[in-house]
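The residues making up each chain are set out below.
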Amino acid sequence: PVKAVIFDLDGVIVDTAHYHFLAWKRLAKELGVDLTEQQNERLKGVSRMRSLEIILSLGGITLSDHEKEKMANRKNSWFVDYVERMAPEEIFPGVKQLIHELKGKGIKIGLASASKNAKTVIQLLHIQNEFDAVVDGTMITHSKPHPEIFLLAAHKLGVEPKDCVVFEDAEAGVEAALAAGMKCVGVGSSEQLHKANKVISKTGEFKISALEEFQV
Ligand code: B16
Ligand code: MG
């Protein structure tokens, strides 16, 4: 039976994924790289430093560790500027209701975000108390597609991985969830997320009855 649902944050609960894209695009432009939306898919779900490294490789650019640190901090300050202007209304429609329905069925709710800004974001959205466990980018050593983040979330929830369903918008995140031995609902394009057990285009579209598909 499904005992826990673990949500990714960026792109699943709120469109911070768009703010990440804007901030990376701005940094990439300064580096002479025109970051496309297609290329941006590779940045989703992976750590800040890994994202920067992908952009540098797109431009064939090499930087010292010190320079990389500076660039990553620049991107983050722009991202934080966008995020600080965010309001609770920016939560995707239907997400809070979905969380409440799941809780009503006795299902535990986790958050597993690679973002080091995840706690700030959920506070700004006033949803920090909705989660039974939160794991963010400050608590892990391996980023998605490594399963660490989801395994830690399951551990904190006290639920076995096989009884967890993950909601993810990033290909790296879907891979991480499956590698953790969990079921995964992809949120976005079925082409991009074809490895997921089920794909929906928006989180709020999910019907709780569909959880039965995951009972084994
Ligand atoms: P930060 P998620 C991820 O969050 C984003 O998808 C990814 O694009 C970003 O690079 C990563 O967080 C790190 O974020 O720079 O704020 O630490 O999708 O796992 O919620
Ligand atoms: Mg995401």
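Residues numbered from 1 in each chain as written. Chains lettered and ligands numbered in written order. Predicted model: local features only at pLDDT ≥ 70, side-chain atom pairs only at ≥ 80, totals over all residues.

For clarity, the threshold we go by: UniProt positions are given in the numbering used here, feature names are shortened, and annotations may be inferred rather than shown by experiment.
An unreviewed UniProt entry annotates the protein chain as Beta-phosphoglucomutase of Chryseosolibacter histidini. According to the UniProt record, the Sequence similarities (unreviewed entry) comment for the protein chain reads "Belongs to the HAD-like hydrolase superfamily. CbbY/CbbZ/Gph/YieH family." Note on the protein chain: under the UniProt heading Catalytic activity (unreviewed entry), the record states "beta-D-glucose 1-phosphate = beta-D-glucose 6-phosphate".

Description of the site of ligand 1
Our working definition: Working rule for contacts: place C-beta from the backbone, and if it is within 6 Å of a molecule or strand, that residue counts as near it. Secondary structure elements are defined from DSSP: runs of H or I of at least 4 residues count as helices, runs of E of at least 2 residues count as strands, and each element is numbered from the N terminus. Each residue receives one of three labels: charged for Asp, Glu, Lys and Arg, nonpolar for Ala, Val, Leu, Ile, Met, Phe, Trp, Tyr, Cys and Pro, and polar for the others, Gly being one of them.
The environment of ligand 1 is formed by 21 residues, the closest being Arg48, Ser113, Ala114, Ser115 and Lys116. Among the elements of the structure, helix H1 (16–30) and helix H3 (48–58) are those that each provide at least two residues to the shell around ligand 1. Residue composition of the shell around ligand 1, by class: six nonpolar, ten polar and five charged.

Thoughts on the packing of H1 against helix H4 (residues 65–84)
To describe two helices that pack against each other, one gives the angle between their axes and the distance between the axes. This is how the line gets drawn: Throughout, an axis means a line fitted to C-alpha atoms (over the contacting stretch in the case of helices), and angles, computed between N-to-C directions, take values from 0 to 180 degrees. Oblique is the label for any angle not under 35 degrees, not over 145, and not in the 65 to 115 range, which are roughly parallel, roughly antiparallel and roughly perpendicular in turn. For any helix crossing, the convention is left-handed if the near helix is rotated counterclockwise from the far helix by under a right angle, and right-handed if that rotation is clockwise. In this description, a residue-residue contact is defined by the distance between C-beta atoms placed from the backbone, which must lie within 7 Å.
Here H1 crosses H4 at 140°, and the two axes come no closer than 9 Å. Judged by the inter-axis angle, H1 sits oblique to H4. In this structure, the crossing between H1 and H4 has a hand that is right-handed. Together, Thr16, Tyr19, His20, Leu22, Ala23, Trp24, Arg26 and Leu27 of H1 and Met71, Arg74, Lys75, Trp78, Phe79, Tyr82 and Val83 of H4 make up the contact between the two elements.

Describing unusual backbone geometry
So the rule is basically this: To sort residues by burial, count the other C-beta atoms lying within 10 Å of each one's C-beta; a count of 20 or more means buried, 12 or fewer means exposed, and anything in between means partly exposed. C-beta atoms are built from the backbone.
Here Lys144 and Pro145 are connected by a cis peptide whose omega angle stands at 15°. Residue placement: Pro145 occurs in the loop between strand S3 (133–135) and helix H7 (148–157). One non-glycine residue, His126, adopts positive backbone phi at about 60°. Mapped onto the secondary structure, His126 falls in the loop between helix H6 (118–124) and S3. Overall, the presence of 12 C-beta atoms within 10 Å leaves His126 in the exposed class.

Examining the UniProt feature "binding site: Mg(2+)" (unreviewed entry) in the protein chain
In the numbering adopted here, UniProt assigns the feature "binding site: Mg(2+)" (unreviewed entry) to Asp8, Asp10, Glu168 and Asp169. Their sequence span is 162 residues, while the largest C-alpha to C-alpha distance among them is just 8.9 Å; these annotated residues converge on one region. By the element assignment, Asp8 lies in the loop between strand S1 (4–7) and H1. Residue classification places Asp8 among the buried residues on the basis of 31 C-beta atoms within 10 Å. Leaving out residues up to four positions away in the same chain, Asp8 has contacts with Ala112, Ser113, Phe167, Glu168, Asp169 and Gly173.

Some points on the sheet that holds strand S6 (residues 198–200)
Operational definition: A strand pair is defined by DSSP finding two or more bridges across the two strands.
Here we have six strands laid out as an open sheet, ordered S3-S2-S1-S4-S5-S6, and parallel in their pairing. Every other strand in the sheet has two partners, leaving S3 and S6 as the edge strands with one partner each. Strand-to-strand, the axes of this sheet are offset by a mean angle of 20°, without reference to chain direction. Of the strand pairs in this sheet, strand S5 (residues 183–187) and S6 are connected by three bridges, and their pairing is parallel. In the sheet register, Val187 faces S6, and the bridge partner there is Ile200.

Description of the nonpolar core
Inclusion rule: One nonpolar core equals one set of buried Ala, Val, Leu, Ile, Met, Phe, Trp, Tyr and Cys residues connected by C-beta atoms within 7 Å.
One finds Val5, Ile6, Phe150 and Val166 to be the most contacted residues of the largest nonpolar core, which totals 64 residues. Setting aside residues up to four positions removed in sequence, Phe150 forms contacts with Ile6, Ala112, Val166, Ala176, Ala177, Ala180 and Met182.

Considering the packing of H3 against H4
Orientation of H3 relative to H4, taken along the N-to-C sense of each, is 110°, at an axis distance of 10 Å. When the axis of H3 is compared with that of H4, the two are roughly perpendicular. Between H3, through Arg48, Met49 and Leu52, and H4, the contact on the second element is made entirely by Lys68, Met71, Ala72 and Asn76. Partitioning the contact of H3 with H4 into residue classes produces four nonpolar, one polar and two charged.

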